[in-house]
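Summary of the model geometry
Now for the letters of each chain:
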Amino acid sequence: GIGSGSGSGSGSGDALSCRFGGVYVSGASAVSSSVLRCETPTFADATIDRALAVDASNNGGVDFAQSSTYFEPLGEALVSALEPRAGTAGGGTVVSVYGVGFTADEPVWCRFGTTGPIPAAFLRDGIVRCKSPAKATHKNGVPLEVSRGNTFDVTRNNVIFDI
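Here is a short report on the structure shown in this document. Starting afresh in each chain, residues are numbered from 1 along the sequence in its written order. Where local features are concerned, this predicted model is filtered to residues with pLDDT of at least 70; where side-chain atom pairs are given and counted, the filter is 80 or more; whole-chain, interface and lining totals use all residues. For side-chain calculations, the full set of non-hydrogen atoms in the structure is used, while hydrogens and water are omitted.

This part covers the environment of Pro-84. Secondary structure is summarised from DSSP: a helix means a run of H or I of at least four residues, a strand means a run of E of at least two, and numbering begins at the N terminus for each. Its location among the elements puts Pro-84 in the loop between strand 6 (78–83) and strand 7 (94–100). In the structure, Pro-84 is positioned 10 residues away from Val-94 in sequence and 8.1 Å away in space, judged by C-alpha atoms. If sequence neighbours within four positions are ignored, Pro-84 has contacts with Thr-93, Val-94, Val-95 and Phe-161. Residue contacts are counted whenever heavy atoms from the two residues lie within 4.5 Å of one another.

Quick look at the structure:
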């Protein structure tokens, strides 16, 4: 891994960087003496859904320490339809979410408006199911969005679930 030192560039926030797949270099910041947070760059389509080795540098990218850490850029998920499109204010409605990018090998979460993440159950490629929460009410319904692989990167397809 990358250690800390007292030379030129060591420990300087601007000198930390990560390299993905031996090609894509991005900025990084030290979370602790043993944890580095890497920014993810924009990846070419050919690298989507492939494990890329992640290497780190503490001298502005002049040298990289090889590691056994990998990162897999995920293809963008898309919500196209819901069934049923409405449920009760009490929650508990099992909603089938149809779209692209839902696979058995990556966890998926649902978000009803601002309520979530709620774990989704994988049904088959392109379909997951999640239960609507109680009190996910809104005058005009709520957008049901999903995230794949993490709970932060949420779709923005604005498919409405009515309550």
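If DSSP finds at least two bridges between two strands, the strands pair. Strand order in this open sheet of 4 strands is 9-8-12-13, and the pairing throughout is antiparallel. In this open sheet, the two strands that pair with only one neighbour each are strand 9 (115–119) and strand 13 (160–161). Taken together, the 5 bridges between strand 8 (residues 108–112) and strand 12 (residues 142–148) define a ladder with antiparallel strand orientation. Across the sheet, Val-108 pairs through a bridge with Arg-148, a residue of strand 12.

With that settled, consider the side chain of Thr-93. Mapped onto the secondary structure, Thr-93 falls in the loop between strand 6 and strand 7. A relative accessible area of 17% places Thr-93 in the buried class. Non-local contacts of Thr-93, meaning those with residues more than four positions away in its chain, are made with Pro-84, Ala-86, Gly-87, Thr-88, Cys-130, Lys-131, Ser-132 and Phe-161. The classification of residues rests on relative accessible area computed with a 1.4 Å probe and restricted to protein chains. Under 20% of the type maximum is buried, over 50% is exposed, and intermediate values are partly exposed.

On to the side chain of Asp-55, then. Tracing the sequence through the fold places Asp-55 in strand 4 (residues 52–57). As used in this structure description, the phrase polar contact means that two N or O atoms lie within 3.5 Å; if the pair is within protein, one of them must be able to donate a hydrogen and the other to accept it, and residues adjacent in sequence are counted only when both atoms belong to side chains. Of the polar contacts made by the side chain of Asp-55, one reaches the backbone nitrogen of Ser-67; its length is 3.4 Å.

Interpretation in functional terms is not warranted from these geometric data alone.
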